[in-house]
Amino acid sequence: MTEGIQGKANIQPAKKTAVVTGASTGIGEATVRALTADGWKVYAVARRADRLSALADESGAIAVPADISKDEDIDILLRLVERHGGIDTLINIAGGARGADTLANAQTEDWDWMYQVNVLGTMKMIRAFLPMLRSNGEGTILNLTSTAGLAVYEGGGGYNAAKYAQHALTGALRLEEAEHNVRVIEVAPGLVHTEEFALNRLGSAEAAAKVYAGVEKPLLAEDVAEVVRYAVSVPHHINLDHITVRPVAQAANHKLIRKG
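Residues numbered from 1 in each chain as written. Predicted model: local features only at pLDDT ≥ 70, side-chain atom pairs only at ≥ 80, totals over all residues. Heavy atoms only, no water.

Asker: Would you explain helix H8 (residues 221-233) in this entry?
Answerer: Taking 1.5 Å as the rise per residue, H8 with 13 residues should run 18 Å; its terminal C-alpha atoms sit 18 Å apart, in good agreement. Restricting attention to buried positions, one finds in H8 the residues Ala221, Val224, Ala225, Val228, Arg229, Ala231 and Val232. Along the long axis of H8, the arc covered by the buried residues comes to 165 degrees, so they all point the same way. (Helix = DSSP H or I, 4+ residues; strand = E, 2+ residues; numbered from the N terminus. Expected span 1.5 Å × (residues − 1). Buried < 20%, exposed > 50% of the residue type's maximum accessible area, 1.4 Å probe, protein only. Arc of directions from axis to C-beta.)

In structure tokens:
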């Protein structure tokens, strides 16, 4: 990671300022666009510097290439944000799934990656920025989890386990930080049609296409981003503890209407 700042954003203190992880694609990228369009100052964080640079040029966000699984990257990010006025909102969107194996065929490297990004990465970002959010007086943390953290399914053991853990740490955090006036929000999407999620998980475009086949109007990244934008923008005394968002075609994790 470098300490360079890219983009058009004014780095003077702003009324509403956020760090958004997972900003190079999907829901994270859409959230950066939604917030900057609403006047927020946003630090867009992800590993892929080229995509972040393009997003910064388009949206006015501040691009910060970083790997949230690496302590040294988080330390550099924290120091950079401190030097430029701090934040009042941390939005943890970085995450994902790898593989769809049963437990009998579980791949250790897939499970390790999912824990590193979804669980430990979220924890490390929160741990680093909590002092800043507490001192702000009206800090907000939003964790993007998944309905996979609310109900299990076959072939989902690794992702279920990671997202259940992320869901659990979010609940514990809310209890711990209420006395510091830090509100803690969880947004748990169901089926969302994004550019990379299913492709990264299943490894082929054909397999990824089957996930969404016949589903009329699955959620898009922009839909979830709008929910995130709203949740962090309501007056601070309002805490939307947990928001589950699914397409109408998905009545539950196990009930998905496909047509055609």
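Moving on from the model shown.
Asker: When you look at the nonpolar core in this model, what are you seeing that I'm missing?
Answerer: Burial of nonpolar side chains together is a common tendency in soluble globular proteins. Within the largest apolar cluster, 33 residues are counted, with the highest numbers of intra-cluster contacts made by Val20, Val32, Leu35, Ile91, Leu142, Val187 and Val224. Within the residue set of this core, elements represented by two or more residues are strand E1 (17-21), helix H1 (26-37), strand E2 (41-46), helix H2 (49-59), strand E5 (140-144), strand E6 (183-189), H8 and strand E9 (242-245). Looking at this core element by element, the count peaks at six residues for H8. For Val32, the residues in contact, after removing those within four places along its chain, are Val20, Ala23, Val42, Ala44, Leu55, Ser59 and Ala61. Among the nonpolar cores identified, the runner-up in size contains 26 residues, and Val45, Ala66, Ala94 and Met132 belong to it. (Core = buried A, V, L, I, M, F, W, Y, C linked by side-chain atoms within 4.5 Å. Contact = heavy atoms within 4.5 Å.)

Asker: What exactly am I supposed to notice about the packing of helix H4 (residues 108-136) against helix H5 (residues 157-177) here?
Answerer: How two helices pack is summed up by the angle between their axes together with the distance between the axes. In contact at an axis separation of 8 Å, H4 and H5 are set at 15 degrees when each is read in the N-to-C sense. One finds that H4 runs roughly parallel with respect to H5. As for how H4 packs across H5, the hand of that crossing is right-handed. Facing Trp111, Met114, Tyr115, Asn118, Val119, Thr122, Ile126, Leu130 and Arg134 of H4, the residues of H5 in contact are Gly157, Gly158, Tyr159, Ala161, Ala162, Lys163, Ala165, Gln166, Leu169, Leu173 and Glu177. For the contact of H4 with H5, the per-class residue count stands at 12 nonpolar, five polar and three charged. (Axes fitted to C-alpha atoms, helices over the stretch in contact; angles between N-to-C directions. Parallel < 35°, antiparallel > 145°, perpendicular 65-115°, else oblique. Left-handed = near helix turned anticlockwise from the far one by under 90°. Nonpolar A, V, L, I, M, F, W, Y, C, P; charged D, E, K, R; others polar.)

Asker: When you look at the sheet that holds E5 in this model, what are you seeing that I'm missing?
Answerer: Read from one edge of the open sheet, seven strands run E3-E2-E1-E4-E5-E6-E9, paired in parallel fashion. Edge positions in the open sheet fall to strand E3 (62-65) and E9, since each of these has one partner strand only. Pairs of neighbouring strands in the sheet enclose a mean axial angle of 15 degrees, with direction left out of account. Bridge analysis of E5 against E6 gives five bridges, and the strand direction is parallel. Bridging from a neighbouring strand, Leu142 pairs with Ile185 of E6. In the packing of H4 onto the sheet, the strands contacted are E1, strand E4 (89-92) and E5, and the crossing angle to E4 comes to about 175 degrees. Contacts from H8 reach E4, E5, E6 and E9 within the one sheet, and its direction differs from that of E6 by about 165 degrees. (Pairing = 2+ DSSP bridges.)

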